[in-house]
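# Descriptive analysis of the structure
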Amino acid sequence: GVLKKRTIKKEIKSIPKADFKMSPREAIYENSYLLDLKNSVSKISAGIVMCYPPGVPILAPGVEITCELVDYILNLADMGAEISGLFDDNKILVVE
């Protein structure tokens, strides 16, 4: 038999809910430091993390970083999405 080419479309799930724990302005002006994304759960983001696709911000300054948000970002990266807002070795800017 002849094998036909199949296109496998990977599903991009909805962005997990994000809760602001401080205003974006406060988060931007607070002291901040870089932390590994995988160790950032329960911290407050001091920067913006965006993935393309889908091309919308995933994290914004002032948002509490949850396990669901970290998993979402890492899953998109595994699927080949371009991620902006992370520093060397998947570090993220968080509020002190």
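This structure is a prediction, so every number in the text was calculated from the model and none was measured. (Residues numbered from 1 in each chain as written. Predicted model: local features only at pLDDT ≥ 70, side-chain atom pairs only at ≥ 80, totals over all residues. Heavy atoms only, no water.)

### Some thoughts on the sheet that holds strand β3 (residues 56-59)
Across the sheet, which stays open at both edges, the three strands sit in the order β3-β2-β4 with antiparallel pairing between neighbours. With partners counted over all chains shown, the strands left at the sheet margins are β3 and β4 (82-84), one partner each. In this sheet, adjacent strand axes meet at a mean angle of 30° when their direction is disregarded. (Pairing = 2+ DSSP bridges. Helix = DSSP H or I, 4+ residues; strand = E, 2+ residues; numbered from the N terminus. Axes fitted to C-alpha atoms, helices over the stretch in contact; angles between N-to-C directions.)

### Structural notes on the side chain of Ser 45
Note that Ser 45 resides in the loop between β1 (32-36) and β2 (49-52). Among all residues touching Ser 45, those that are not within four sequence positions of it are Ala 27, Leu 59, Ala 60, Pro 61, Gly 62, Val 63, Ile 65, Leu 93 and Val 95. (Contact = heavy atoms within 4.5 Å.)

### A few points about helix α2 (residues 67-78)
The first and last C-alpha atoms of α2 sit 16 Å apart over 12 residues, in line with the 16 Å expected at 1.5 Å per residue. Taken residue by residue, α2 has Leu 69, Val 70, Tyr 72, Ile 73, Leu 74 and Leu 76 as its buried positions. Buried residues in α2 make contact with β2, β3 and β4. Positioned one or two residues after α2, Gly 80 has a phi angle of 95°, which is positive. (Expected span 1.5 Å × (residues − 1). Buried < 20%, exposed > 50% of the residue type's maximum accessible area, 1.4 Å probe, protein only.)

### Notes on the pattern of salt bridges
Counted under the stated rule, the structure contains two salt bridges. Across the pair Lys 17 and Asp 19 runs a salt bridge, and its minimum N-O distance is 3.1 Å. The class for Lys 17 is exposed, based on a relative accessible area of 67%. Taking the shortest distance from any N to any O, the salt bridge between Lys 21 and Glu 64 comes out at 3.7 Å. On the criterion of sequence distance, the pair formed by Lys 21 in the segment before α1 (24-29) and Glu 64 in the loop between β3 and α2 is long-range, its members being 43 residues apart. (Salt bridge = Lys/Arg side-chain N within 4 Å of Asp/Glu carboxyl O.)

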